[in-house]
Structures are given as C-alpha cells and as structure tokens.
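Tertiary structure, described
So the chains spell out like this:
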Amino acid sequence: KGLTDGVFQFESAGMRRVVADLCPASIEDLTAVISLYRPGPMQSIPKYIRNRHNPDLIQYPTPLLKPILDVTYGCLVYQEQVMQVFRALAGYSFAKADIVRRAMSKKKHDVLQQERANFIAGCAKNRISEQTATALFEEISAFSSYAFNKAHAAAYATVAYQTAYLKCNYPCAYMAALLTSVLDRADKVHGYIEECSRMNISLLPPHVNYSSYQFSVEDGNIRFGLLAIKNLGKGGIDQLIAERNAHGPYTSFYNLCKRLYSKDLNRRALESLIQCGALDGLGATRKEMCAAIPEISSALE
C-alpha cells in the first residue's frame, strides 16, 4: 500500500510509489528496488515492475543470461551480475571479472572500455554474435557508473524488512522508538505524529506522573517523553523519575516543588512543565501554577 513512513530506505514519495506498484513479496524484491532507485538504473524500474507482474514478457538476448538475470526479471541490477556476465559469456576468471567490478565501483570508465575487445572476443567463443555482445557491453557501460553492490543493498533490504515488520506487528512500540530517535528533528517528529494519527494511535501529552525519558507505550497509545520538554535537562529528569519511583506520584503542584525544586529543576524548568501540560491534573490551573512560582521559589530557595 506504500505506507512506508518510518521504514528504512523506503520513506520518500518516489519509493512509496514504486513499492505500491511492485507489491514486493521477498527480500530479493526489496534488494532490487533499493539498487534500482538511483540515477541511471531508475530507468529500468518500469521494466522491472512490468516483468515482475508479467513473467512471459521477460526476454534474454542469449540463454546464457537467464541464470544470471532471472532473479531480477531480466534486468541488469547489480555489480555482481556484471561480474557473472563477464564470466559466463566471455570466459573471464574471477580475478579478471573483479577488475571490471572495481572499475565500475570507482567509476573508471577507461579501464572498463579497455575490456570491450576482450569481452566481444570472449562472447564469440560462446557463439554470441558481435551485435549482441556489443549491445550488451554498451548496456553495461551505461549502467556501470551507478551499479550497486548487491551485498550492500541486501543488508539495507534486511533492515528495511525488519522495520516494516515491526511497524506492522508492533505499531505503538515501533512508532514510540521512532519518535524518540528523531527528537532533535522537529520536521521528522511532526511527520511521524501525523503517521501515528493515520494509524489511529493517540499521542498523549507529557506528564510528570506517567512519562518516561523517551516516548513510551501506554494503553495502546504513545506518551510523550520528558526529553521532549525544553529547558528540562537530563539531571532534572533523572531527579523527577527517581523521586517518583521512590516515593510515588506527585499529588499537587506544591508537593512536586517541595520534593524536586533544585538547581536541576528550577524556575525555567517548572514553567516549561506547566506550559506543555505535564502538570495538568495536580489540583491547579496552569495560570494558577505560573502565578505561584515566585512565592514557592522564594520559600524553597
């Protein structure tokens, strides 16, 4: 469905369209998409999707290509496939094929072009016409600047699959972890909050009696973490949580101030806690609590 916000490597609008059209069914499909969604190979995406859904349309210039390209539905996608092509069609050794791979990864077009004659001659020994061999070499040359290493793409695809699995099967826990991971990026936090809304997960405001450091799961919803509150440092949070764990919930604004007021939880921190709603329900309105700060500060300092 393309609902991939928060899924590693698949968050962009373009990627969402591709996976929605492709309907990937395996890690292999995800690996190919990650490799194809790049300048150059991107032009092969329509062909890849078409062939994936219509296997009868797959064509191979020579039968020798089928064992190499069948996993990518007739499309040349990976550096490793290029190495296999040079070995299977032109008789290259592993070492010589790796020279081609290195030339591709380092964008050394001159080194690759030096292999043209050797490739065409090697293909001729396997009864592949010069026209077919030349066309294939031209395709490889055009592709070489952007060819992805399959091992790299497969590692990305595995993480992408794991994140998609977690989002699908443990949505609250996953989105809470995701929000925590981007706390310093307001645009990302906003985007993931919108995604939570789409997933019917409510975002509960931070609260001194319920919040942890980070975003946490609470009754099927997500509770804002105390780390999201400005002017509240780690020392203040440590103190607040340790005191709550040791002596129970805070029962009133004065009770909280009496138990916590210090250099780590000072006037600025109190004002931030009040303004974000973290002290709601403690027996006073936000306006009343703000008005009481000077008097309480004087009494406790």
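A short tour of the structure in this document, coming up. (Residues numbered from 1 in each chain as written. Predicted model: local features only at pLDDT ≥ 70, side-chain atom pairs only at ≥ 80, totals over all residues. Heavy atoms only, no water.)

**A closer look at the side chain of Ser141**
Counting through the fold element by element, Ser141 comes out in helix α9 (residues 130–144). Here Ser141 falls in the buried class, since its relative accessible area comes to 13%. In this structure Ser141 touches Leu112 and Gln113, once residues within four positions along its chain are discounted. (Helix = DSSP H or I, 4+ residues; strand = E, 2+ residues; numbered from the N terminus. Buried < 20%, exposed > 50% of the residue type's maximum accessible area, 1.4 Å probe, protein only. Contact = heavy atoms within 4.5 Å.)

**Section: unusual backbone geometry**
If you check the backbone angles, Tyr73 has positive phi at about 55° while not being a glycine. Along the chain, Tyr73 turns up in the loop between α4 (66–69) and α5 (79–90). For Tyr73, a relative accessible area of 18% puts it in the buried group. The phi angle at Asp219 is positive, at roughly 55°, despite the residue not being glycine. Mapped onto the elements of the fold, Asp219 is located in the loop between β2 (216–218) and β3 (221–223).

**Focus on the nonpolar core**
If you look at soluble globular proteins, the nonpolar side chains tend to sit buried side by side. Val82, Val85, Phe86, Leu89 and Phe119 are the most contacted members of the largest nonpolar core, which has 25 residues in total. Elements that contribute at least two residues to this core include exactly α4, α5, α6 (94–105), α8 (116–125) and α9. The biggest single contributor to this core is α5, with six residues. Excluding residues that lie within four positions of it along the chain, Leu89 makes contacts with Thr62, Leu64, Leu65, Ile68, Gln84, Gly122, Cys123, Asn126, Ile128 and Leu136. Counting residues in hydrophobic clusters, the runner-up holds 24 residues, among them Val208, Phe253, Leu265 and Ile296. (Core = buried A, V, L, I, M, F, W, Y, C linked by side-chain atoms within 4.5 Å.)

**A short note on the packing of α5 against α8**
Geometrically, a packed helix pair is captured by the angle between its two axes and the distance between the axes. Where α5 contacts α8, the axes come no closer than 7 Å and their chain directions differ by 50°. With respect to each other, α5 and α8 are oriented oblique. Across from Val85, Phe86, Leu89 and Ala90 in α5, the residues of α8 making contact are Phe119, Gly122 and Cys123. A class-by-class count of the residues in the contact of α5 with α8 yields six nonpolar, one polar and no charged. (Axes fitted to C-alpha atoms, helices over the stretch in contact; angles between N-to-C directions. Parallel < 35°, antiparallel > 145°, perpendicular 65-115°, else oblique. Nonpolar A, V, L, I, M, F, W, Y, C, P; charged D, E, K, R; others polar.)

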